[in-house]
Amino acid sequence: MDMLVEKWEATASQPGVNIIRIHAQENEKDMVDAFYTYLLGVDTDNHDVPVIFESIYHGDEQYTKAVLDELKELIHLWNTSNKDALNIKTEPLNWNVNYKIKTAVHPAALFVENMNSLAGYLNMADNTFLVAILKVSFVQPAQFCRWLEEALKAGMNDKFKILVDDSANHPFYEKLAAKYPADIATLRPKLDMDNAMQQVAAMGNPNDPAVQYRQAFMKMMQAIEQRKESEAVANGNACLEVAQKNLAKNSYWIGQVIAVYGALANDQVGYRNFKKAISYATKGVDAAEQSQQLIPDEFVHRKFRGQAVMMRAALYAADKNWLKAAEDFAVAAGHYIATNDVILAMEAYRMLGYSYDKAGNNDAACKALETAIQLSLQLPVHIVKFTTFAGVVELLLKINNLKYISQQEVEETAEDVYGKDWLKEIMNWKNPHYEQVTDPSKVVAA
């Protein structure tokens, strides 16, 4: 973290740089998020003034207002919160967001003018900056990049910086950074997270089985990520040896056995070797079934069994072995019902219906889907929207034989969840329209 702060300070202090883009490797993303929190700390050597904005971008005017509203709320909290427990002295901010600044250009200029004004009010020391950290979620990167470009054109105070981040797999800001090399600097963390995580995994007594397992598991996951199959298997076997050796002392080690077989099965999916993946998943199912004898807590061992058999069911479906998939999805649904996991039970029944439909058993498919509909009624509507409920309805609209549920009941249930435009939502459930999303945790930038 200290190294990342040094790189940040060197980049931010470059003359003429207004926007800093952190371009991370995928395994560095968590550290970048932690870095933002680190900048907020008052007990670090960095004295920049960060403001973290988490608004979702839907459009230029909407986003500008959203971030200004966030800024207004943060200043209100700063001024009104109880600071009696703090060991540092704080001063109130006698500055307010101005929504009425006239800008003849782009909405982004309104944000820039306010941040320029705040930077001037704060009167910061040399090489200390007001930093707008835009942890923005979006579905159309090009539109948000245009907003950033307009912010740059609006003329940013030398004491004000904008910070954004992307990754090697999703280089959203690459073209914009290339277009303005003097104004947009790219910071590459280069944190060597593989070695860092191996060091973390090795912390503790080397004779402790948990440490030994953790080290081997970390190496297995890194080998999987790097597509090194033989190394993944070797380290997976090392994990299994530790776990199985300690089962007699602690029966909960069976969960680690299941986890290893699950990871190795997923690895084979990457090679499109579904037969081998199913073989590993079956070993995971066998271990999960063993947990029934090892762990007296029914909730725990049924969770293990549901997880393991659901994975194998998905692999059977990927391999188009529909009857085997259906058999496993039915078993998984039973475990999820028993553990009151309604969301996963719904998904198991959805996939059970899908598998039966693919196998040509319309009656069994419709019965499973009707069960999924009934389960959805146990959840609050706002939760149902973030399940695969729409997929259940979509399939029922196509294949419903009306034996278990009427078309009217299907449509009324869908309307209760999505409103009058329910059909549009159902038809687009795999690619939802971004304007529906109001929670940044539910958005996947793509």
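Residues numbered from 1 in each chain as written. Predicted model: local features only at pLDDT ≥ 70, side-chain atom pairs only at ≥ 80, totals over all residues. Heavy atoms only, no water.

Please give an account of the sheet that holds strand β1 (residues 19-24) that cites residues and values.
Taken in spatial order, the five strands of this open sheet run β2-β3-β4-β1-β5, and their pairing is parallel. Here the strands that pair on one side only, and so sit at the sheet edges, are β2 (49-53) and β5 (184-187). Strand-to-strand twist across the sheet, computed as the mean angle between neighbouring axes with direction ignored, equals 25°. Sheet topology places β2 next to strand β3 (residues 130-134); five bridges connect them, and they run parallel. Its bridge partner lying in β3, Val51 is registered against Ala132. (Pairing = 2+ DSSP bridges. Helix = DSSP H or I, 4+ residues; strand = E, 2+ residues; numbered from the N terminus. Axes fitted to C-alpha atoms, helices over the stretch in contact; angles between N-to-C directions.)

Go over the nonpolar core, please, and point to the residues and values.
If you look at the biggest cluster of nonpolar residues, it comprises 76 residues, and the most contacted ones within it are Phe329 and Phe389. Ranked by residues supplied to this core, first place goes to helix α12 (residues 298-318) with nine residues. Counting residues in hydrophobic clusters, the runner-up holds 40 residues, among them Val51, Ala119, Ala132 and Val164. (Core = buried A, V, L, I, M, F, W, Y, C linked by side-chain atoms within 4.5 Å. Buried < 20%, exposed > 50% of the residue type's maximum accessible area, 1.4 Å probe, protein only.)

Now, about the environment of Glu149: what can you tell me, with residues and values included?
Counting through the fold element by element, Glu149 comes out in helix α5 (residues 141-153). Given the relative accessible area of 10%, Glu149 is considered buried. Discounting chain neighbours no more than four positions away, the residues touching Glu149 are Leu176, Lys179 and Tyr180. Of note is the side chain of Glu149, whose polar atom sits 2.4 Å from the side chain of Tyr180. (Contact = heavy atoms within 4.5 Å. Polar contact = N/O pair within 3.5 Å; in protein donor to acceptor, adjacent residues only side chain to side chain.)

Any chance you could break down a negative patch on the surface for me, citing the residues and the numbers?
On the surface, Asp2, Glu6, Glu9 and Asp45 cluster together into a patch of negative charge. Summarising the element assignment, Glu6 is placed in helix α1 (residues 2-12). Residue class for Glu6 comes out exposed when judged on its relative accessible area of 56%. (Patch = residues over 30% accessible without salt bridge, like charges linked within 9 Å, V, L, I, M, F, W, Y side chains within 5 Å. Areas by Shrake-Rupley, 256 points an atom, 1.4 Å probe, with all protein chains shown as cover. Salt bridge = Lys/Arg side-chain N within 4 Å of Asp/Glu carboxyl O. Lys, Arg positive; Asp, Glu negative; His and termini not counted. Charge placed at Lys NZ, Arg CZ, Asp CG, Glu CD.)

Kindly report on the packing of α1 against helix α2 (residues 29-40), identifying the contributing residues and their values.
Helices that pack against each other are described as a pair by the angle of their axes relative to one another and the distance between those axes. At a closest axis distance of 10 Å, the pairing of α1 and α2 adopts a crossing angle of 75°. Judged by the inter-axis angle, α1 sits roughly perpendicular to α2. Taken together, the residues of α2 that come into contact with α1 (itself represented by Asp2, Leu4, Val5 and Trp8) are Met31, Phe35, Tyr38 and Leu39. The residue inventory of the contact of α1 with α2, partitioned by class, reads seven nonpolar, no polar and one charged. (Parallel < 35°, antiparallel > 145°, perpendicular 65-115°, else oblique. Nonpolar A, V, L, I, M, F, W, Y, C, P; charged D, E, K, R; others polar.)

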